[in-house]
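Descriptive structure summary
Read off the chains here:
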Amino acid sequence: MVTEFAGFASLAPAYPEMLVAVGALVLLLIGVLARKEISTAVTGIAIGLMVVAAVLIVAQPNEGVIFAGGFINDGFARFMKVLVITGSAFALILAVSNSADHGLNKFEYPVLVVLATLGMMMMVSANDLMSLYVGLELQSLALYVVAAFRRDSVKATEAGLKYFVLGALSSGMLLYGASLVYGFTGHTQLDQIAQAVALTDRNPGIIFGLVFLLAGIAFKISAVPFHMWTPDVYEGAPTPVTAFFASAPKVAAMALLIRVVFDAFEPIARDWQQVVIFISIASMVLASFAAIGQNNLKRLLAYSSIGHVGFALVGLSAGNLVGVEGVAIYMAIYLFMTIGTFACILALKNDDGYVETIDDLAGLAKNRPFVAAIMALFMFSLVGLPPLAGFFAKWQVFLAAMEAQLFVLAVIGMLASAVSAFYYLRIIKVMYFDEPVNSYAAPAIELNIVLAVTGFLILSYYFTIGAPLTAWAHMAANSLF
């Protein structure tokens, strides 16, 4: 018995993952055995499970490497896991009052979100190419189903199919890259790969494997030129699902990218930096100009998401401690801006349904002044205007680029940010200066709470969470170096 307890205690770094895994199975049993539809109760329990997992990560920092080196729990993993869990919990909260409207009033939906969250947590802690792939596929398979969850919707079915087909292609590219890396290094564990890479003289096989690995991960963060699925899937999926896609999975995939390039390929940093710089510039520029012609809000936010991934990659391009710290801060702020923006969309419902286009927001300031004010706040923050949180997010990544003497990249980023101001400010103009065309019902209480919390954090970032978040991000980045 003592031996068994000691064996279980050795798994302490994976306690949060174990809790989420067992919780997902329990929720599935509850849903199956219940004699009536209890999706709301299952969603509530799932949110509570997320909160407990986040508290466990913060309160008991059991760091270490387990499962024969395949799983690592360090400061960086803990920081990113808290962000992932926060994004998943907020996404579930957004679906509580409108699940029936979007076809999500089934107990399977929160269970799939919990399973996807488990996969993301495994991705963040992956220390081996095999555990990396297991976590990635656990997340992806759940997301494929969630995208097409509304079976009576042609758009949702199309979104799920596109996401599945292109996702399978990206998984194949990632696997091919992993096989090349294994073939030329003889290892799958990230730190052992780094040692093998350091002993070789820029082996072309390893470079090709690295490129394919980066391509597979770039698809998951929807970076250009692997972004083609994003606008269609964001538009076709139910809005609460789109909010989920745009938040937690992006954070997890970005964390995975950081871990792979720094833990496994740090000896050939110049090679992967060239790839990251290219996709960063391509993402910022394409998203900034492509979003100008969009009228559908979810498609516009899809291109906005692509652009912000490009801005985050500016920090990663620096390849230093300041850059990783900047990416961590950027993803945290991006998470709250995205969740808040989608909460604004879900808070606007009339007899014809939910708001879909920018034109539907005409005169919103007169009908729903609170929602309009919060929406304007998020738009200003997405542009990067001080003193809002979005300004400090871009400041961090541009600062890292300047310290790494990537002056051209920083200038391109600033210009792309200026171009993106057009479509963000256009939304504010429509809300405050156009005549009303719709009247909207009062939002549900949980949506008002999400709007108030995220809006407050974005507005008061410098005076409230800015310092502690920066300190935590610095410690997280330090754990990688």
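Model, not experiment: these values are computed from the prediction.

**Quick look at the overall build of the protein chain**
Counting secondary structure elements, the protein chain contains 21 helices and four strands. Relative to the globule expectation of 23 Å for 481 residues, the C-alpha radius of gyration of the protein chain, 22 Å, shows essentially globular dimensions. With respect to the three principal axes, the spread of C-alpha positions in the protein chain is 65 × 60 × 45 Å. The buried share of the protein chain, reckoned over its 481 residues, is 60%. Within the protein chain, residue pairs in contact and separated by at least 24 positions form 81% of the contacts whose partners lie at least 6 positions apart. When the accessible area of the protein chain is evaluated, it comes to approximately 18,200 Å², of which 69% is carbon and sulfur surface. Computing the positive centroid from 22 side-chain charges and the negative centroid from 28, the protein chain places the two 6 Å apart.

**Some remarks on helix α17 (residues 369-383)**
For α17, which comprises 15 residues, the first-to-last C-alpha distance of 21 Å matches the rise-based estimate of 21 Å (1.5 Å per residue) to within 8%. Along α17, the residues that are buried comprise Val371, Ala372, Ile374, Met375, Ala376, Leu377, Phe378, Met379, Ser381, Leu382 and Val383. Contacts made by the buried residues of α17 are with α14 (297-318), α15 (321-346), α16 (364-367), α18 (389-403), α19 (407-433) and α20 (445-459). Two residues or fewer past α17, glycine 384 is found with a positive phi of approximately 105°.

**Thoughts on helix α8 (residues 190-199)**
Of the positions making up α8, those classed as buried are Leu190, Ile193, Ala194, Ala196 and Val197. Take α8 and look down its axis: the buried residues cluster within an arc of 165°, on one side only. Exposed side of α8, more than 90 degrees from the buried face: Gln195, Ala198 and Leu199 are the residues found there. The elements touched by buried residues of α8 are α6 (129-147), α7 (154-185), α9 (204-220) and α12 (248-264).

**Looking at the UniProt feature "domain: NADH:quinone oxidoreductase/Mrp antiporter transmembrane" (unreviewed entry) in the protein chain**
The UniProt feature table records "domain: NADH:quinone oxidoreductase/Mrp antiporter transmembrane" (unreviewed entry) at residues 126-418. Secondary structure over residues 126-418 splits into 77% helix and 1% strand, and the C-alpha atoms at its two ends are 37 Å apart.

Criteria and thresholds
Residues numbered from 1 in each chain as written. Predicted model: local features only at pLDDT ≥ 70, side-chain atom pairs only at ≥ 80, totals over all residues. Heavy atoms only, no water. Helix = DSSP H or I, 4+ residues; strand = E, 2+ residues; numbered from the N terminus. Rg over C-alpha atoms; globule rule 2.2 N^0.38 Å. Buried < 20%, exposed > 50% of the residue type's maximum accessible area, 1.4 Å probe, protein only. Contact = heavy atoms within 4.5 Å. Areas by Shrake-Rupley, 256 points an atom, 1.4 Å probe, with all protein chains shown as cover. Lys, Arg positive; Asp, Glu negative; His and termini not counted. Charge placed at Lys NZ, Arg CZ, Asp CG, Glu CD. Expected span 1.5 Å × (residues − 1). Arc of directions from axis to C-beta. UniProt positions renumbered as here; feature names shortened; annotations may be inferred.

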